[in-house]
Amino acid sequence: VSAVPTVHVVDDDGSFARSVERLLAASGYRVRSFASGAELLAALSGETRGCVLMDLNMPVLDGLAVQARLAETGAAMPVVFLTGYGDIPSTVRAMRGGAVDFLEKHAAKDALLAAVRRALERDRAQAELRQRFAKLTQRELEVLRHVVRGRMNKQIAADLGIHERTVKLHRAALSTKVGVRSAAELTALAREAGVG
Amino acid sequence: MGGTLFVMWTVVGAAALTLAAVHGLVWLLDRRGLANLAFCIVALSVAAIARIEFGMMQAGTAAEYAAWVRWLHVPLLFLTAGLVLFIRWHFGTGRAWLGWTVIAMRGVVSVANLASEPGATWQVIRIDEVPWLGGLAVASSEAALRPLQWLATATALLFVAYGVDAALALWRKPDRESRRTALVVGGGIVGFLVVATLQSQLVVWGVLRMPVMLSPPFLIMLGAMTYELCRHIVASARIEGEARRLRDELAHVARVSTLSELSGSLAHELSQPLGAILRNAEAAELLLAAEQPDLAELRAIVSDIHSDDQRAGAIIERMRALLKRNSLELQQVSLQALVQDVLELVRSDAAARHVTIECAVPEGLPAVRGDRVQLSQVLLNLLVNGMDAVCDSANRVRRVVIEARFGDGRTVEVTVADSGRGIAPEVLPRVFDPFVTTKPKGMGIGLAVSRTIVEAHGGRLSAQNNAKKGEMSGATFRFTLPVAHGAA
């Protein structure tokens, strides 16, 4: 059930959360709303899919803190922040933390829906990517971690105690499984998928 | 006997008595108005002089005339003393030693005259009726100068010198107001003093054969003094009004400044209901586009829009109430409601800064008498300061506590304590002085204005640092307010 992409609305203001929930539901999304970041974190599992639409300014656990906790757990989802008034430092921190968007609470409907669409799209892409990486064997993952760190085949072979030619074979196999042609592309995708 | 004389001297006496009564009352109501007291003494003396002069004009015998003359020296002493003091107290000029010399000399002349039978300065031997102001009046026709007459003349001259000196001192001051006052002192007071003295001295010296006529010029002199006192009253009323206006203006500036500190979080708070209304309306539009709109959901949306609108309205109303300019408006104020209102204002700011505000205002607290807006301002100022202090400190406990309690039966005491770092010892004695601030963007008028407001309400506002032990390590601000009548 939780594999169905869901928009998770988090706002301590019940009336506001309800209104966003209504709009997204009427626009055809599956929505769940939470009164606090703690409620959201408690409800998540590894299979949870979708995105988080969250008030930046909440008592006890504010949006940035929730974002950080989400990243720590396996259930990292793209986050869209909503704010009454955005100040530059918190915007920068939110973006660094990987927020997809940063919107004012009374932003235009189209902007909000577009942000949700982008966030879900990114979640879908990440899930798809994770699936691609999931096909890798244990050994291939090991090799991948070294590649991502920018190590040469010879070094990897020495570290893993295998032959350099075997490393090359593993690299060719995992590149085919993930569907990339260069080491740079592989590194970027691995980062995106949170592998390595 | 001419009725004109009777009417004239009665009018002079009555006018002087009226002025004396008015200024005597003014002095009774405000004991600091010493000039009014001096004026009252002068006016009473003029009334007495008018009565005695009328007695002289109607005397049957030289002995009776002489008896009146002797009594004349009593009011003359009081008039001299009153005038000397009036010039000193009201205009602040006049040499003190000269003034005291004049009073002392006049005292000697008056006492000597009262003590000796034929009089110490002037002995009237024969009297005659002379035509006077359309009727007949008694005047001395033969008199002898007594040994102390030179002292009376010298006193009169010295008195005039005292007045002229006071007027000149005023004239030399650079401002226009002092020059105008100098003209009043010089022309109005000294001028008519000279006229009165000259006339009586000429009669005494036998140059003029007419009744002694001191009271009419003295009455004109009283007029000049009244003019001066009235100007003073009008000016101080204007200054008072101006000061009150400035006080209100400053309180308003301080309120605007405090609210502007909160403006960010208030904007955030306002964006909640406004955002909710917008999203609800958008959702409703989408629902209505469906073939069979969900009416129950639409009803719920309309109901939410309604309450969110009221929520936004209440936020704006609270701000508007504090932002408007007002003059002091005293009414019964419930502290509990007041504290709740102010808490609503700072709620979102406190949440954003992770400060917990605890509030202990007991149910049955009696109402206080005060201006709702200004009292809210004091509380708001103390709360915002408390939150600033808490956020400024390394203490992990971020707490501000408001407490109110019924004091000694006549006052309610409110304290605002914080868990900040406290006030630096060198700042503590000056913490209520204007333009003293520890905040980078502060103007330093919040606490100064708060203290003025509390004192205008008949209370006191003080600050102290808490004991360093425990969580509430910061400062405590404490103010008292008198309980409203009939509220205790």
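Trainee: An account of the overall build of chain B is needed here, citing residue identities and associated values.
Mentor: Within chain B, the regular secondary structure consists of 11 helices and nine strands. In chain B, which comprises 488 residues, the share counted as buried stands at 47%. Here the analysis covers contacts within chain B between residues at least 6 apart in sequence; of these, 73% occur between residues at least 24 apart. Put simply, chain B shows about 23700 Å² of open surface, and 62% of that area lies on carbon and sulfur atoms.

Trainee: Pulling in residues and values, what's your account of the overall build of chain A?
Mentor: When helices and strands are counted, chain A shows nine helices and five strands. Helices and strands appear in chain A in the N-to-C order β-α-β-α-β-α-β-α-β-α-α-α-α-α. Buried positions account for 46% of the 196 residues belonging to chain A. Taking the intrachain contacts of chain A between residues at least 6 apart in sequence as the baseline, contacts between residues at least 24 apart amount to 63%. Surface exposure of chain A reaches about 9700 Å², of which carbon and sulfur atoms provide 52%.

Trainee: Could you give an account of the interface of chain A and chain B, with specific residues and numbers?
Mentor: Taken residue by residue, the interface counts 26 residues in chain A and 23 residues in chain B. Interface area for chain A against chain B, summed over the two sides, is near 2000 Å², with a carbon-plus-sulfur share of 54%. The interface formed by chain A and chain B holds four salt bridges in total. Between aspartate 13 of chain A and arginine 311 of chain B there is a salt bridge, and its shortest N-O distance comes to 2.9 Å. At the junction of chain A with chain B, the criterion picks out 11 residue pairs in polar contact (both at pLDDT 80 or more). The set of elements that each furnish at least two residues to the side of chain A that touches chain B consists of α1 (14–26) and α5 (109–134) of chain A. Ranked by residues supplied to the side of chain A that touches chain B, first place goes to α1 of chain A with eight residues. Of the residues belonging to the side of chain A that touches chain B, the class tally is 11 nonpolar, six polar and nine charged.

Trainee: Give a description of helix α9 (residues 335–352) of chain B that names residues and reports values.
Mentor: Residues lying three or four places apart along an α-helix face the same way, a consequence of the helix completing one turn every 3.6 residues. All names here are of chain B. Under the 1.5 Å per step criterion, the end-to-end length of α9 is 26 Å for 18 residues, consistent within 8% with the ideal 26 Å. In α9, a bend of some 45 degrees at valine 346 exceeds every other bend along the element. Buried within α9 we find Leu335, Leu338, Val339, Val342, Leu343, Leu345, Val346, Ser348, Asp349 and Ala350. Histidine 354 lies just past α9 and shows a positive phi near 55 degrees.

Trainee: Account for the sheet that holds strand β3 (residues 50–55) of chain A, with residues named and values stated.
Mentor: Residue and element names in this part refer to chain A. Spatial ordering of the open sheet is given by β2-β1-β3-β4-β5, a layout of five strands whose pairing is parallel. Looking along the sheet, the strands with just one partner apiece sit at the ends: β2 (31–34) and β5 (99–104). Ignoring strand direction, the axes of neighbouring strands in this sheet form an average angle of 20 degrees. Strand direction decides the pairing type here: strand β1 (residues 6–10) and β2, joined by four bridges, are parallel.

Trainee: Can you lay out the packing of aromatic side chains for me, pointing to particular residues and giving the numbers?
Mentor: Under the criterion given, the structure shown has five aromatic pairs over all chains. Pairing phenylalanine 86 of chain B with phenylalanine 91 of chain B gives two aromatic rings, centres 5.8 Å apart and planes at 80 degrees, and the pair type is edge-to-face. Among the residues examined, phenylalanine 91 of chain B registers a relative accessible area of 9% and is labelled buried. The structure contains a cluster of three or more aromatic residues connected by ring pairs, namely Phe39, Phe86 and Phe91 of chain B. Over the aromatic face of phenylalanine 16 of chain A sits the side chain of lysine 105 of chain A, whose NZ or CZ is 4.4 Å from the ring centroid. Its end group placed over the ring of phenylalanine 432 of chain B, arginine 451 of chain B keeps NZ or CZ at 4.0 Å from the ring centre.

Trainee: Lay out the packing of helix α10 (residues 372–392) of chain B against helix α11 (residues 446–456) of chain B in plain terms, naming residues and giving numbers.
Mentor: Think of two packed helices as two axes; the pair is described by the angle between the axes and how far apart they sit. All names here are of chain B. With their axes 9 Å apart at the nearest point, α10 and α11 run at an angle of 145 degrees to one another. Seen from above, α10 lies across α11 with left-handed handedness. Contacts between α10 and α11 involve Gln374, Gln377, Val378, Asn381, Leu382 and Asn385 from the former and Gly446, Leu447, Val449, Ser450, Ile453 and Val454 from the latter. Classifying every residue of the contact of α10 with α11 gives six nonpolar, six polar and no charged.

Trainee: Let's hear about the confidence of the model for chain B: which residues, and what values?
Mentor: Residue and element names in this part refer to chain B. Taken as a whole, chain B shows an average pLDDT of 88; of its residues, 99% reach a score of 70 or greater. Within chain B, the lowest mean pLDDT, 85, falls on strand β2 (residues 135–145), and the highest, 94, falls on helix α2 (residues 34–57). Per the prediction output, this complex has pTM 0.61; the corresponding ipTM is 0.78.

Conventions and cut-offs
Each chain carries its own residue numbering, running from 1 in the direction its sequence is written. Chains carry letters from A onward and ligands carry numbers from 1 onward, assigned in written order. Residues qualify for local features only when their pLDDT is at least 70, as the model is predicted, and side-chain atom pairs are given and counted only at 80 or more; totals for whole chains, interfaces and linings, by contrast, use all residues. Heavy atoms from the whole structure form the basis of all side-chain values; hydrogens and water molecules are not counted. Only DSSP runs of H or I covering at least 4 residues are called helices, and only runs of E covering at least 2 are called strands; the numbering of each starts at the N terminus. The cut-offs for exposure are 20% and 50% of the maximum accessible area for each residue type, with area from a 1.4 Å probe on protein chains only; residues under the lower value are buried, those over the upper are exposed, and the others partly exposed. Whether two residues are in contact is decided by their heavy atoms: any pair within 4.5 Å suffices. Per-residue and other accessible areas were derived by the Shrake-Rupley procedure at a 1.4 Å probe size, with only the shown protein chains allowed to occlude residues. Buried area is a sum: the accessible area each of two parts loses on coming together, probed at 1.4 Å, counted once for each and added. In the sections that follow, a salt bridge refers to a side-chain nitrogen of Lys or Arg positioned within 4 Å of a carboxyl oxygen of Asp or Glu. In protein, a polar contact requires one atom able to donate a hydrogen and another able to accept it; more generally it is a pair of N or O atoms within 3.5 Å, and residues adjacent in sequence count only if both atoms are side-chain atoms. For this classification, Asp, Glu, Lys and Arg are treated as charged, while Ala, Val, Leu, Ile, Met, Phe, Trp, Tyr, Cys and Pro are nonpolar and the rest, including Gly, are polar. What a helix should span is 1.5 Å times the count of its residues minus one. Working definition for bend: take the seven residues up to and ending at a residue and the seven starting at it, fit an axis to each, and measure the angle between the axes. Each pair of strands is called paired provided DSSP finds at least two bridges between the two strands. To define axes, lines are fitted to C-alpha atoms, for helices over the stretch in contact only, and angles between the resulting N-to-C directions are given on a 0 to 180 degree scale. In this analysis, rings of Phe, Tyr and Trp, with Trp reduced to its six-membered ring, are considered paired at centre separations within 6.5 Å, and the interplanar angle assigns stacked below 30 degrees, edge-to-face beyond 60, and tilted for intermediate values. Our definition puts a charge over a ring when NZ of Lys or CZ of Arg is within 6 Å of the ring centre and also within 35 degrees of the ring normal. Crossings are assigned a handedness: left-handed for a near helix turned anticlockwise from the far helix by less than a right angle, right-handed for a clockwise turn. Every residue carries a pLDDT, the predictor's confidence in it, which falls somewhere between 0 and 100.

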